Amino acid sequence: MAAPGAAGPGAAAPDVLDLWDRSVRDHAARPALVTPHRELSYQDADRLTDGWAAGLAARGAGPGKLVGLAFGDPARTVLGMLAALKAGAGFTVLDDRLPPAARAALVDRTAAAVWLGDGAHAPEGAYASAGPDTGGGTAAAAALDAARPVRAAAGSDVAYVLFTSGSTGRPKGTVVERDALRRFASAVAERLALTPHDRWLQVASLGFDVLIEEVFPAFAAGAAVVCRKDTRALDAEELHAALDRTRTTVVELSTQYWLEYARWLAARGTTTPAGLRTVVVGGERMDPHPYRAWQARQPAALAHVYGLTECTVSSTFYTGLLPSDAEEVPLGTPLRDVEISIRQGGRPVPDGETGEIHIGGPLLARGFLDDEAATARRFVADPYAAEPGARLYATGDLGRIDADGQLVFLGRVDDQVKIRGHRLEPARVERALCELPGVDQAVVFPDPASGTALWAFTVPADPAAAPLPGEAVRLTGGDRDALVAPLEAQLPDWAVPRVLHRVAVLPKNPHGKVDKRLLSAWAAAAQAGPPAGGPVPDRAADTSRDPLEPLEPLEPLESVLALFREVLGAPALGPDDNFFDHGGQSLLAMRLLARLRESDPAAAGLRASALFASPTPRLLAGALAERRASRR
């Protein structure tokens, strides 16, 4: 059987839009896009995006050009991607989480022919076409009735440009061609056995390459893409409710996000919604214990994925039951059209041996936007390939092929780390810190407990400001703000250290490298000091209390303070300490709110965003008291 979208003898070369057109033809009345307000059928979405494409083409979009998308609405973003491809152009998506200066730099670099969007982050000159929830009118009707432009795009033309995290400096724009996108969409739909009855919930941040995996395989299979009303992150409880309410069958979560959802399910003794059949998980190393626990308790299957933006999102999938003796969760086997090899010094090694993971095949990106030198360094010729001109991408990841033919991840070749699914060279942040007044040296690494936030240790330029040797002083208040604020202006949120310490010296291990374990021990010793707000009383251990007398519930502030300390791993945290100044970030906020809901009915329905308004235990306890009073 020919692969979906394959061309027969004498037929025109296949295009990614052939997959869409087939779904429109075969499933015209079935939902293509589900929004909180309506379902848009394939037929209606086709008509709408034809009109958008005509408008884009009239403004200069076409083969070899880019359409910039800057919507705050995920559904309009999905429609804009499709419309750009129909105009023969590629698309790029501007992430609304970027600082203004970084956004402006990306707008300049993409040199898009036209910008489509209505978000607050949209660049000047952007416009918005009639959308799926727009009212009627003569102009809107005319736009919807416009015919699709006759495309002249080739498989080698750009499909999209998305920017990596800029691990070694400025972000790199990865250029993926239409043929690679077509092959990828077909291969993922095939591997996950997607059907027109599937519904894939879109949860990834717009501008993150997982968005591509949430959309195009679903369209290739005639399935529905389910969109949220905005780009705000869902906490575990909201995610669960959305999965159930929308009858979602497939969802993709980052490793840490999945762990939060798994913890939430376990705490409530509940299972995934009946309709959810597959949870795709990837972005960071997976611990076998929670993976096995999920497979033992949850009806929804897991698909562990591995890939890079430069290789068109995911390259390998693992969908098996993890053996009880497995020490790693495999990355799986390659998709159709993906070639995986393990190499040392560029030479392939036998299965079972460790080396650098290399990815080849037609799903490789063209390269980096306007950066021939970086493209030449990372996309290299394969001297061992049978096909002339074959290329490889050296991932920088260590791995091996096990006895079952599964790819297994074994770490990094260099010092690169992953924070909440984003690749980062800590040296980038360290350089930014050392450029600030008063900082002589700096080292940055993920927090040892969860790996979801960055820690920074700095050595002051003035020795008089340094603590005693062997001590780590946690920075708070103005001292912390003086370092964090400049970083927030130039780095994405996830790349900004949230816990900062000052030390007299960066200790070295016997190999001459910074001893991060020793720094972590110094930090732990500092945290083990007397709690800033006094200890939470252990009344169960109070020997003066009658053991048969029931314990009174904790006072509201004590209860909230205890949860702050638990979630942040900060036993010295005081009632007026700021959650975000002590390592708090979105995933930990989800965990804190989930724990609050377990113990306090007043926290029901409280969103993680409430922490921005009430970031200290005292303020949050006060907010909860107000909620209790309003319900009386």
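Note: the structure precedes this text.
Residues numbered from 1 in each chain as written. Predicted model: local features only at pLDDT ≥ 70, side-chain atom pairs only at ≥ 80, totals over all residues. Heavy atoms only, no water.

(A) Here's a closer look at the pattern of salt bridges. A complete count under the given rule lists 27 salt bridges for this structure. The salt bridge involving Asp 26 is made with Arg 25; its shortest N-O contact spans 3.4 Å. Under the relative-accessibility criterion, Arg 25 is labelled exposed at 59%. A salt bridge links Arg 76 to Asp 73; the shortest N-O distance between them is 3.8 Å. Put simply, Asp 179, Arg 182, Arg 183, Glu 190, Arg 336 and Asp 337 are held in one network by salt bridges that share partners. (Salt bridge = Lys/Arg side-chain N within 4 Å of Asp/Glu carboxyl O. Buried < 20%, exposed > 50% of the residue type's maximum accessible area, 1.4 Å probe, protein only.)

(B) Seen up close, the sheet that holds strand E24 (residues 439-446). Strand order in the open sheet formed by 4 strands is E24-E25-E27-E26, with mixed pairing between adjacent strands. Of all strands in the sheet, those with a lone pairing partner are E24 and strand E26 (473-474), marking the two edges. Of the strand pairs in this sheet, E24 and strand E25 (residues 454-460) are connected by 7 bridges, and their pairing is antiparallel. Within the sheet, the bridge partner assigned to Val 443 lies in E25 and is Phe 457. Packed onto the sheet, helix H12 (residues 426-434) meets E24, E25 and strand E27 (499-502) and runs at close to 150 degrees relative to E24. Packed on one face of the sheet, helix H13 (residues 477-488) meets E24, E25 and E27 and runs near 115 degrees to E27. (Pairing = 2+ DSSP bridges. Helix = DSSP H or I, 4+ residues; strand = E, 2+ residues; numbered from the N terminus. Contact = heavy atoms within 4.5 Å. Axes fitted to C-alpha atoms, helices over the stretch in contact; angles between N-to-C directions.)

(C) Representation of the pairing of strand E15 (residues 339-344). Bridge count between E15 and strand E17 (residues 355-360): 5 bridges; the pairing is antiparallel. Bridging across to E17, Arg 343 finds its partner in Glu 356. Two successive antiparallel strands, E15 and strand E16 (residues 347-348), enclose a turn made up of 2 residues, where Gly 345 displays a positive phi of approximately 60 degrees.

(D) Fine view of the pairing of strand E12 (residues 301-306). Counted residue by residue, E12 has 5 buried out of 6 residues, so it is predominantly covered. Where strand E11 (residues 278-282) meets E12, 5 bridges bridge the pair, whose relative direction is parallel. Each residue of the ladder has a partner; that of Gly 282, found in E12, is Val 305. Once you follow E11 into helix H10 (residues 288-297) and on to E12, the crossover reads as right-handed. With 3 bridges connecting them, E12 and strand E13 (residues 316-318) associate as antiparallel partners. Within E13, the position partnered with Val 305 by the bridge is Phe 317. (Right-handed = clockwise from strand over helix to strand, strands pointing away.)

(E) Here's a closer look at the packing of aromatic side chains. Enumeration according to the criterion identifies 16 aromatic pairs in this entry. Look at Trp 52 and Phe 71: their rings are 6.1 Å apart centre to centre, the planes differ by 25 degrees, and that puts the pair in the stacked class. With a gap of 19 residues between them, Trp 52 in helix H2 (residues 42-58) and Phe 71 in the loop between strand E3 (66-69) and helix H3 (74-86) connect regions that are remote in the sequence. The class of Phe 71 is buried, set by a relative accessible area of 2%. Between the aromatic rings of Phe 91 and Tyr 160, the centroid separation amounts to 5.6 Å while the plane-to-plane angle is 25 degrees, which identifies the pairing as stacked. Taken together, the residues span a long stretch of sequence, with Phe 91 in strand E4 (residues 90-93) and Tyr 160 in strand E6 (residues 158-163) at a distance of 69 residues. Over the ring of Tyr 127 we find Arg 59, and its NZ or CZ is 3.8 Å from the ring centre. Here the basic side chain of Lys 172 rests over the ring of Phe 368, its NZ or CZ set 5.9 Å away from the ring centre. (Phe/Tyr/Trp six-rings, centres within 6.5 Å; stacked < 30°, edge-to-face > 60°. Lys NZ or Arg CZ within 6 Å of the ring centre and 35° of its normal.)

(F) Expanded view of the nonpolar core. Leu 56, Val 67, Met 81, Phe 91, Tyr 160, Ile 212 and Phe 216 are the most contacted members of the largest nonpolar core, which has 85 residues in total. No other element matches H3, which puts 8 residues into this core. In this view, Val 67 contacts Leu 56, Ala 61, Ala 84, Ala 89, Gly 90, Phe 91, Thr 92, Ala 112, Val 114 and Leu 116; residues no more than four positions away in its chain are not counted. In this structure, Val 226, Ala 242, Trp 264 and Leu 276 belong to the second largest nonpolar core, which totals 34 residues. (Core = buried A, V, L, I, M, F, W, Y, C linked by side-chain atoms within 4.5 Å.)

(G) Representation of helix H1 (residues 16-26). Among the residues of H1, Val 16, Leu 17, Leu 19, Trp 20, Ser 23 and Val 24 are the ones counted as buried. Each buried residue of H1 lies within a common arc of 150 degrees when the element is viewed along its axis, so the set occupies one face. At the N-terminal end of H1, a side-chain oxygen is found 2.9 Å from the backbone nitrogen of Leu 17, two or three residues along, and the residue is Asp 15. (Arc of directions from axis to C-beta. Polar contact = N/O pair within 3.5 Å; in protein donor to acceptor, adjacent residues only side chain to side chain.)

(H) Local environment of unusual backbone geometry. Located in the positive-phi region is Thr 312, a residue other than glycine, with phi close to 65 degrees. Mapped onto the elements of the fold, Thr 312 is located in the loop between E12 and E13. Backbone geometry at Asp 337 places phi at a positive 80 degrees, although glycine is not the residue there. Mapped onto the elements of the fold, Asp 337 is located in the loop between strand E14 (333-334) and E15. Taking the relative accessible area as the measure of exposure, Asp 337 reaches 23% and is therefore partly exposed.

(I) Just the packing of H1 against H3, in detail. The interhelical angle for the contact between H1 and H3, taken along N-to-C directions, is 115 degrees, at an axis separation of 10 Å. Remark: the crossing between H1 and H3 carries left-handed chirality. Two secondary-structure elements touch here, H1 through Val 16, Leu 17 and Trp 20 and H3 through Leu 82, Leu 85 and Lys 86. Of the residues in the contact of H1 with H3, the class split is 5 nonpolar, no polar and 1 charged. (Left-handed = near helix turned anticlockwise from the far one by under 90°. Nonpolar A, V, L, I, M, F, W, Y, C, P; charged D, E, K, R; others polar.)

(J) Region of the structure containing the sheet that holds E12. The 9 strands lie next to each other as E2-E1-E9-E8-E10-E11-E12-E13-E14, forming an open sheet whose pairing is mixed. The sheet terminates laterally at strand E2 (39-41) and E14, the two strands that pair on one side only.

(K) Up close: helix H4 (residues 100-110). Along H4, the positions that sit buried rather than exposed are Arg 103, Leu 106, Val 107, Arg 109 and Thr 110. In a view along the axis of H4, the buried residues occupy a sector of 165 degrees, so they form one face of it. Residues of H4 that are exposed and point over 90 degrees away from its buried face: Pro 100, Ala 101 and Asp 108. As for H4, its buried residues are in contact with E3, E4, strand E5 (114-116), E6 and strand E7 (173-177). In the stretch just after H4, Ala 111 is the one whose phi turns positive, near 45 degrees.

(L) A look at empty space enclosed by the protein. The tally for this structure, following the rule as stated, stands at 2 cavities of 30 Å³ or more. Around the largest cavity sit Val 16, Leu 17, Leu 19, Trp 20, Leu 82, Leu 85, Ala 185, Phe 216, Phe 219 and Ala 220, which together line it. Where the lining of the largest cavity is concerned, the elements lending two or more residues are H1, H3 and helix H7 (210-220). The element contributing the most residues to the lining of the largest cavity is H1, with 4 residues. Of the residues that constitute the lining of the largest cavity, the class distribution is 10 nonpolar, no polar and no charged. There is about 30 Å³ of room inside the second largest cavity. Together, Thr 92, Val 93, Leu 94, Leu 106, Val 107, Thr 110, Trp 115 and Phe 163 line the second largest cavity. (1 Å grid on protein atoms, 1.4 Å probe; cavity = no way out; pocket = protein on both sides within 12 Å on 5 of 7 lines; lining within 4 Å. Points joined across faces, edges and corners; volume = space filled by probe spheres on them.)

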